[in-house]
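# Descriptive structure summary
Listed here are the chains, written in short residue letters.
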Amino acid sequence: MAALIIDFSADSDAVARALIGMTLLVGGVGGRIVETEAYDQLDAASHSFSGPTPRNAAMFGPPGRAYVYRSYGIHWCLNLVCREEGHGAGVLIRAMEPTAGLEQMRALRGLTDVRLLCAGPGRVGQALNVDASFNGMRLDRAPFKLLAQPAANAGAETVVVLEGPRIGISKAADLPWRFGEAGSRFLSRRF
DNA sequence: AGTATGATTGCCT
DNA sequence: GGCAATCATACTG
């Protein structure tokens, strides 16, 4: 059984940074992760800040699993749980460079522009067909797949990671826990 | 039981 | 740039 290529027991900001450039597939559909955000229980902006609730239970579960929540009553957002069980940390997948299952993503998103398929957390959820049924699922088993390199390998060029303040939060807004690939055209916003 | 609030997106001016 | 869409969760009474 292949182990995950990332140690999810590390701090969420370290995991969020390490995930940039790695490939995430859900049911064979996905691409390179180009933008993430870290959250932690000791972080006023995190869903886990006020302790466990039915919604955020997955964040307090074992690391290396998915935490999926409904955003603004409309979108599904995908997080990867970090730290140890009971801690309440995770990484939000904010944007990806589509590399696999482009046509399915186009169909689910209802548009053709590759640049807009996964440029934002709600868009990632829709493009990868993620919903509440994925909450708490292990990342080392189907339908999830985490790879060190793109399926259609383009070479081992170094990934330059930018950091900045997180988007759309009101508390702890100064913390530089948003990470992204320098020069990527698939970010939800520029850094 | 009623109300306020988003880790967002897309369409409008 | 402004704002509506839409609903589970959290908070108030």
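An account of the accompanying structure is given in this report. In this convention, every chain numbers its residues from 1, walking through the sequence in written order. Labels are handed out in written order, letters beginning with A for the chains and numbers beginning with 1 for the ligands. Reporting in this predicted model follows two pLDDT cut-offs: at least 70 for local features of residues, and 80 or more for side-chain atom pairs to be given and counted; totals over whole chains, interfaces and linings ignore these cut-offs and use all residues. Neither water nor hydrogens contribute to the side-chain values; these are computed over all heavy atoms in the structure.

## Re a nonpolar patch on the surface
A cluster of nonpolar side chains, Val160, Leu162 and Phe191, forms an exposed patch at the surface whose accessible area comes to about 240 Å². A run of H or I in DSSP counts as a helix once it spans at least four residues, and a run of E counts as a strand once it spans at least two, with each numbered from the N terminus. Relative to the assigned elements, Leu162 resides in strand β7 (residues 161–164). Only residues whose relative accessible area exceeds 30% and that form no salt bridge enter a patch; like-charged residues are grouped when within 9 Å of one another, and nonpolar side chains (Val, Leu, Ile, Met, Phe, Trp, Tyr) when within 5 Å. Note on areas: Shrake-Rupley, 1.4 Å probe, and residue coverage restricted to the protein chains presented here. We define a salt bridge as a contact between a side-chain nitrogen of Lys or Arg and a carboxyl oxygen of Asp or Glu at a distance within 4 Å.

## Some remarks on the protein's contact with DNA strand C
Whether a residue is near a molecule or strand depends on its heavy atoms: it is near if one of them lies within 4 Å of it. Taken together, the neighbourhood of DNA strand C is formed by Thr53, Arg55, Arg70, Tyr72, Gly73 and Ile74. What you see for DNA strand C is that sugar and phosphate hold 59% of its atoms within 4 Å of the protein. Residues adjacent in sequence count toward polar contacts only when both atoms are side-chain atoms; beyond that, a polar contact is any pair of N or O atoms within 3.5 Å, and within protein one must be able to donate a hydrogen and the other to accept it. In this structure, Thr53 approaches DNA strand C through a side-chain N or O atom, which is 2.6 Å from a phosphate oxygen. Within the contact set of DNA strand C, a base oxygen lies 2.4 Å away from a backbone nitrogen or oxygen of Tyr72. Residues that form the surface near DNA strand C fall into these classes: two nonpolar, two polar and two charged. Throughout, the ten residues Ala, Val, Leu, Ile, Met, Phe, Trp, Tyr, Cys and Pro are labelled nonpolar, Asp, Glu, Lys and Arg are labelled charged, and all others, Gly among them, are labelled polar.

## Digging into the nonpolar core
By nonpolar core we mean a set of buried residues, namely Ala, Val, Leu, Ile, Met, Phe, Trp, Tyr and Cys, connected to one another through side-chain atoms within 4.5 Å. Exposure classes here rest on a 1.4 Å probe applied to the protein chains alone. A residue is buried below 20% of its type maximum, exposed above 50%, and partly exposed in between. Counting residues in each nonpolar core, the largest one holds 34 residues, and the members touching the most others are Leu19 and Ile93. Those elements giving two or more residues to this core turn out to be α1 (12–19), β1 (23–26), β2 (29–39), β3 (66–71), β4 (75–82), β5 (89–100), α3 (121–127) and β6 (144–147). Apart from the residues lying within four places of it in its own chain, the contact partners of Ile93 are Leu19, Leu24, Ile33, Glu35, Thr36, Leu78, Leu80, Pro121 and Val124. Formed by 10 residues, the second largest nonpolar core is a distinct cluster that contains Tyr39, Ala45, Phe60 and Tyr67. By definition in these notes, contact holds between two residues if any of their heavy atoms fall within 4.5 Å.

## Some words on α1
Taken residue by residue, α1 has Ser12, Val15, Ala16 and Leu19 as its buried positions. Buried residues along α1 cover an arc of 100° about the axis, so they all sit on one side. On the buried face of α1, the contacting elements are β2, β4, β5, β6 and β8 (178–181). Positive phi appears at Gly21, one or two residues downstream of α1, with a value of about 100°. Directions drawn from the helix axis to the C-beta atoms are what define this arc.

## Points about the packing of aromatic side chains
Here is the rule: rings of Phe, Tyr and Trp (six-membered ring for Trp) pair when centre to centre is within 6.5 Å. Planes less than 30 degrees apart are stacked, more than 60 are edge-to-face, and the remainder are tilted. Tallied over the entire structure, the rule returns two aromatic pairs. Ring geometry for Phe134 against Phe144: centres 6.1 Å apart, planes inclined by 85°, an arrangement best described as edge-to-face. A residue pair is termed long-range when its members are at least 10 positions apart, and Phe134 in the loop between α3 and β6 and Phe144 in strand β6 qualify at 10 residues. For Phe134, a relative accessible area of 13% puts it in the buried group. Charge-over-ring contacts are defined here by two conditions on Lys NZ or Arg CZ: a distance within 6 Å of the ring centre and an angle within 35 degrees of the ring normal. The ring of Phe191 is capped by Arg178, whose NZ or CZ atom sits 3.8 Å from the centre of that ring.

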